[in-house]
Amino acid sequence: EEDMYRDAEEIEREKILLREANSSEYKLSVSPEMDIMEYCRKEWRGNTPVAKRMRKGYEAVAQKFASIRRIRGDNYCAFRATLFQALSQATQLPGWLQSEDLTMLPENLLNKYDWIKQWQLKQKLGKKMGEISDEIKEYLILLRKKWRNISEIKDPIEKQEACDKLFKNEEEEYSLYEALKFLMLNTAIELYNDDKNGRRVPVFSWLLFARDTSSNPCQLMHNHLNHIGHTGGLEQVEMFLLAYALQYTIQVYRLYKYSTDEFITLYPNDPEEDWPVVTLITEDDRHYNIPVRMCQETML
């Protein structure tokens, strides 16, 4: 059947990606680093307008970063790319992770909002489900522990090895994503309540709750957060929410937007000055990879 939107080269490239998805390397959560322009030449060989734009985009990224690491392409990839980058450069435990209230968060929210009982926990093979608040408390404690342990490692090679090891442990890795999702829900509830009480909220918060499918935090949980990792990934407006939950600026090279004002997009677009920055790459706003090895001249 003729495809009116993609030429033969792009269709063939998709077939190659599907074959690679079955290879063992591709199943790694974070693949080993590769020269960024070598990766680009391998992925975008043709002369279609899309391929040319992607090459230009990669050339621009290569001015700042030498290598790329490919992120496993499931519906958690935005979480995986962001968290991997944050942990790779962590030198201290963020203030919000140090708070004693963190571990009480699930219980406190469940006492206020009965609908949170319908939170969709990931299935744990061979383990009986406990109380939802206990499960989420476990995930938050694990996030704090891993973040603290990795941030205390001074040697950059050792730190990278510790990150690689963590992202090869599927049970722990997916537990961390559950913690991130719950932190996003908590942030959404805070923003929603702030707006209702007449306090100033960021613009993305209005957009988040302007959607028919998420006019309040309960709908956001049911129609969006519960599906992340299962049937869908993060939408654009939810990238803002993730950034606010982590108190990190997420800088994304959006390659298909090369030569427009949106080529480098910041989430949030008016970040706090003291928030650390992580950098991701996307070709389509659905899948994210990470650039590594910042070029020396850029660091100076």
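Residues numbered from 1 in each chain as written. Predicted model: local features only at pLDDT ≥ 70, side-chain atom pairs only at ≥ 80, totals over all residues. Heavy atoms only, no water.

An unreviewed UniProt entry lists the protein under the name Ubiquitin thioesterase otulin, from Manacus vitellinus. Regarding the protein, the relevant UniProt record gives this comment under Subcellular location (unreviewed entry): "Cytoplasm". (UniProt positions renumbered as here; feature names shortened; annotations may be inferred.)

A.B. asks: Can you lay out the layout of surface pockets for me, pointing to particular residues and giving the numbers?
C.D. replies: Roughly 730 Å³ of volume is contained in the second largest pocket. Every residue lining the second largest pocket is counted, 22 residues in all, and those nearest its centre are Ser88, Gln160, Val292, Arg293 and Met294. The set of elements that each furnish at least two residues to the lining of the second largest pocket consists of β2 (65-69), α4 (77-88), α8 (156-166), β5 (277-282) and β6 (288-294). The greatest single-element share of the lining of the second largest pocket, amounting to six residues, is contributed by α8. Tallied by class, the residues present in the lining of the second largest pocket amount to ten nonpolar, six polar and six charged. (1 Å grid on protein atoms, 1.4 Å probe; cavity = no way out; pocket = protein on both sides within 12 Å on 5 of 7 lines; lining within 4 Å. Points joined across faces, edges and corners; volume = space filled by probe spheres on them. Helix = DSSP H or I, 4+ residues; strand = E, 2+ residues; numbered from the N terminus. Nonpolar A, V, L, I, M, F, W, Y, C, P; charged D, E, K, R; others polar.)

A.B. asks: So what's going on with the UniProt feature "site: Linear diubiquitin binding" (unreviewed entry) in the protein? Residues and values would help.
C.D. replies: When the UniProt feature table is mapped onto this chain, "site: Linear diubiquitin binding" (unreviewed entry) is found at Glu262. Mapped onto the fold, Glu262 is located in the loop between β3 (249-254) and β4 (264-267). On the basis of relative accessible area, Glu262 is assigned to the partly exposed category, the value being 37%. Setting aside residues no more than four positions away along its own chain, Glu262 makes contact with Arg254 and Lys257. (Buried < 20%, exposed > 50% of the residue type's maximum accessible area, 1.4 Å probe, protein only. Contact = heavy atoms within 4.5 Å.)

A.B. asks: Go over the pairing of β5 with me, naming the residues and quoting the values.
C.D. replies: Remark: a regular strand shows side chains that alternate across the two faces of the sheet. Judged by how many residues are buried, β5 sits mostly within the fold: five of six residues are covered. Linkage of β5 to β6, two consecutive antiparallel strands, is achieved through a turn of five residues, within which Asp285 is found at a positive phi near 65°. (Pairing = 2+ DSSP bridges.)

A.B. asks: Tell me what's going on with the nonpolar core, and back it up with residues and numbers.
C.D. replies: Grouped together as the largest cluster of nonpolar side chains are 74 residues, with contacts concentrated most on Ile116, Trp119, Leu143 and Trp147. The element that contributes the greatest number of residues to this core is helix α9 (residues 170-196), accounting for twelve residues. Apart from the residues lying within four places of it in its own chain, the contact partners of Trp119 are Ile132, Ile136, Glu178, Lys181, Phe182, Leu185, Met221, Leu225 and Asn226. (Core = buried A, V, L, I, M, F, W, Y, C linked by side-chain atoms within 4.5 Å.)

A.B. asks: Kindly report on the pairing of β3, identifying the contributing residues and their values.
C.D. replies: In terms of burial, β3 is a largely internal element, six of the six residues being buried. Residues of β3 alternate between two faces, with Thr249, Gln251 and Tyr253 on one and Ile250, Val252 and Arg254 on the opposite face, all of them buried. Here β3 runs beside β4; their pairing, made up of four bridges, is antiparallel. The residue bridging Val252 from the neighbouring strand is Thr265, located in β4.

A.B. asks: Explain the confidence of the model for the protein to me, and be specific about the residues and the numbers.
C.D. replies: In the predicted model, the protein carries a mean pLDDT of 89, and the fraction of residues at 70 or more is 87%. Contacts from residues 125-129, a stretch scored under 50 in pLDDT, to residues over four places away or in other chains number six contacts. (pLDDT = per-residue confidence, 0-100.)

A.B. asks: Pulling in residues and values, what's your account of the environment of Asn226?
C.D. replies: Locating Asn226 in the fold gives a position in the loop between α11 (217-223) and α12 (236-246). Sequence separation between Asn226 and Leu121 is 105 residues, and the spatial gap between their C-alpha atoms is 8.0 Å. Here Asn226 is in contact with Gln118, Trp119, Gln120, Lys181 and Met221, once residues within four sequence places are set aside.

A.B. asks: Explain the packing of α4 against helix α7 (residues 132-151) to me, and be specific about the residues and the numbers.
C.D. replies: Following both chains from N to C, one finds α4 and α7 inclined at 40°, their axes separated by 9 Å at the closest point. Taken together, the axis directions place α4 and α7 in an arrangement best described as oblique. Mapping the contact onto sequence places Leu83, Ala86 and Leu87 in α4 and Leu143, Trp147 and Ile150 in α7. (Axes fitted to C-alpha atoms, helices over the stretch in contact; angles between N-to-C directions. Parallel < 35°, antiparallel > 145°, perpendicular 65-115°, else oblique.)

A.B. asks: Just give me the short version of the sheet that holds β2, but keep the residues and values in it.
C.D. replies: The mixed open sheet is built from six strands, whose spatial order is β1-β2-β6-β5-β3-β4. Strands at the two margins of the open sheet, each flanked by one partner only, are β1 (34-35) and β4. With four bridges joining them, β2 and β6 adopt antiparallel strand pairing. Within β6, the residue paired with Arg69 across the bridge is Ile290.

A.B. asks: Account for unusual backbone geometry, naming residues and giving values.
C.D. replies: Cis geometry is found at the peptide bond from Tyr267 to Pro268, where omega equals -5°. The residue Pro268 is located in the loop between β4 and β5 in this model. Within the chain, Gln247 stands out as a residue other than glycine whose phi angle is a positive 55°. By the element assignment, Gln247 lies in the loop between α12 and β3. Although it is not a glycine, Arg293 adopts a positive phi angle of roughly 60°. Considering the arrangement of structural elements, one finds Arg293 in strand β6.

A.B. asks: Residues and numbers for the pattern of salt bridges, please.
C.D. replies: What the rule picks out here adds up to 15 salt bridges. Put simply, Arg80 and Asp74 hold a salt bridge, and the shortest N to O gap is 2.9 Å. For Arg80, a relative accessible area of 0% puts it in the buried group. Residue classification places Asp74 among the partly exposed positions, given a relative accessible area of 23%. Where salt bridges share partners, they join Arg254, Lys257, Glu262 and Asp285 into one cluster. (Salt bridge = Lys/Arg side-chain N within 4 Å of Asp/Glu carboxyl O.)

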